[in-house]
Amino acid sequence: IALVIDSSGSMKKDMSATLKAAGEFLKTLPKSSYVKVVDFNSKVRELKGEKVDAAIQALATIKAGGSTRLFDATIKGVELVKGKPRPAVVVFTDGIDSSIDKNGVGSSQPKSAVIELIKQSKVPVYTIGFGKRLNQAKKEAEGKVEGVPDIQTLLEFAAAAGGQYYPAKDPKALQGVFAAIGSK
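Residues numbered from 1 in each chain as written. Predicted model: local features only at pLDDT ≥ 70, side-chain atom pairs only at ≥ 80, totals over all residues. Heavy atoms only, no water.

Peer 1: Talk me through the environment of Thr61; I want residue IDs and the actual numbers.
Peer 2: By secondary structure assignment, the location of Thr61 is in the loop between α2 (52-59) and α3 (70-81). Between the alpha carbons of Thr61 and Leu47 there is a distance of 8.6 Å; along the sequence they are 14 residues apart. Separated by 2.6 Å, the side chain of Thr61 and the backbone oxygen of Ala58 make a polar contact. (Helix = DSSP H or I, 4+ residues; strand = E, 2+ residues; numbered from the N terminus. Polar contact = N/O pair within 3.5 Å; in protein donor to acceptor, adjacent residues only side chain to side chain.)

Peer 1: Tell me about the sheet that holds strand β5 (residues 125-130), and name the residues and values.
Peer 2: Strand order across the open sheet formed by six strands is β3-β2-β1-β4-β5-β6, with mixed pairing between neighbours. The sheet is open, and its two edges are formed by β3 (44-46) and β6 (164-168), each paired on a single side. Within the sheet, the average angular offset between the axes of one strand and its neighbour, ignoring direction, is 15 degrees. Of the pairings in the sheet, the one linking strand β2 (residues 36-40) to β3 comprises three bridges and is antiparallel in character. Paired with Val38 across the two strands is Glu46, which belongs to β3. (Pairing = 2+ DSSP bridges. Axes fitted to C-alpha atoms, helices over the stretch in contact; angles between N-to-C directions.)

Peer 1: So what's going on with the nonpolar core? Residues and values would help.
Peer 2: Counting residues in each nonpolar core, the largest one holds 31 residues, and the members touching the most others are Ile5, Phe25, Leu26 and Val90. For this core, the secondary-structure elements that each account for two or more residues are β1 (2-6), α1 (15-27), α2, β4 (89-93), β5, β6 and α8 (171-182). Here the element with the most residues in this core is α1; it accounts for six residues. Excluding anything up to four places from it in sequence, Val90 contacts Ile1, Ala2, Leu3, Val4, Phe25, Tyr126, Ile128, Phe178 and Ile181. Listed in part, the 25 residues of the second largest apolar core include Val38, Val81, Ile118 and Val123. (Core = buried A, V, L, I, M, F, W, Y, C linked by side-chain atoms within 4.5 Å. Buried < 20%, exposed > 50% of the residue type's maximum accessible area, 1.4 Å probe, protein only. Contact = heavy atoms within 4.5 Å.)

Peer 1: An account of the packing of α1 against α2 is requested, with residue identities and associated values reported.
Peer 2: Interaxial distance between α1 and α2 falls to 10 Å at its minimum, and their mutual angle equals 175 degrees. One finds that α1 runs roughly antiparallel with respect to α2. Packed against α1, whose contacting residues are Leu19, Ala22, Gly23, Leu26 and Lys27, the element α2 presents Val52, Ala55, Ile56 and Leu59 at the interface. Split into classes, the residues belonging to the contact of α1 with α2 amount to seven nonpolar, one polar and one charged. (Parallel < 35°, antiparallel > 145°, perpendicular 65-115°, else oblique. Nonpolar A, V, L, I, M, F, W, Y, C, P; charged D, E, K, R; others polar.)

Peer 1: Kindly report on the packing of helix α5 (residues 111-121) against helix α7 (residues 151-159), identifying the contributing residues and their values.
Peer 2: Contact geometry for α5 and α7: axes closest at 8 Å, N-to-C directions at 25 degrees. Judged by the angle between their axes, α5 and α7 are roughly parallel. Across the interface between the two elements, Lys111, Val114, Ile115 and Ile118 of α5 pack against Thr153, Glu156 and Phe157 of α7. A breakdown of the residues in the contact of α5 with α7 according to their chemical character gives four nonpolar, one polar and two charged.

Peer 1: Tell me about α7, and please be specific about residues and values.
Peer 2: Considered for burial, the residues of α7 that qualify are Thr153, Leu154, Phe157 and Ala158. Along the long axis of α7, the arc covered by the buried residues comes to 135 degrees, so they all point the same way. Next to the buried residues of α7 lie α3, β4, α5, β5 and β6. (Arc of directions from axis to C-beta.)

Peer 1: So what's going on with the confidence of the model for the protein chain? Residues and values would help.
Peer 2: Here the protein chain averages 86 in pLDDT, while 86% of its residues score no lower than 70. Counting interchain partners and residues more than four positions distant, the pLDDT-below-50 stretch residues 134-145 has seven contacts. (pLDDT = per-residue confidence, 0-100.)

Peer 1: Requested: an account of the pattern of salt bridges, with residues and values cited.
Peer 2: Taken as a whole and assessed by the stated rule, the structure comprises seven salt bridges. Among the ionic pairs, Glu24 bridges to Lys27, the shortest N-O distance being 3.5 Å. Here Glu24 pairs with Lys27, and both are found in helix α1, just three residues apart, close to one helical turn. Under the relative-accessibility criterion, Lys27 is labelled exposed at 53%. Each of Lys36, Glu46 and Lys76 takes part in salt bridges that share partners, so that together they form one network. (Salt bridge = Lys/Arg side-chain N within 4 Å of Asp/Glu carboxyl O.)

Here it is as structure tokens:
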């Protein structure tokens, strides 16, 4: 499994709760499971380790800051598990790729390349849209919306190879989402 985690600047407030929920999810996996953690913001980083314990340790190195390279990070996650037994990718984000909203450094690959890779590799991608979407109308009136995931893109990634999209409005809801994914 590849766990692809958004650590862009908009995640600052919820980063520790998010990492705690991700750690709880990893603890539900068999210790011998192949697990890679991909951390992304302005850069896409494959963190050290390939087993559950190493992945849990790697979570502690993630710090929020920078823009959102969602497309490049999803490609990296798929590439890391392609050809493995029961491959799956869990993508967690609260935003939109910065190549679309022009809010900092975005992905070098377009969304279409991600969808094509997911289809070709047949790796299910479980996407989690995290954010304060409930507050969107109020924030739009104030001129700033943060924490609004690109739900359409996340649905397309999930649909490409039998994955699923899950919304999570807060870290508590995130625990339930990780539990649902873990049962697949």
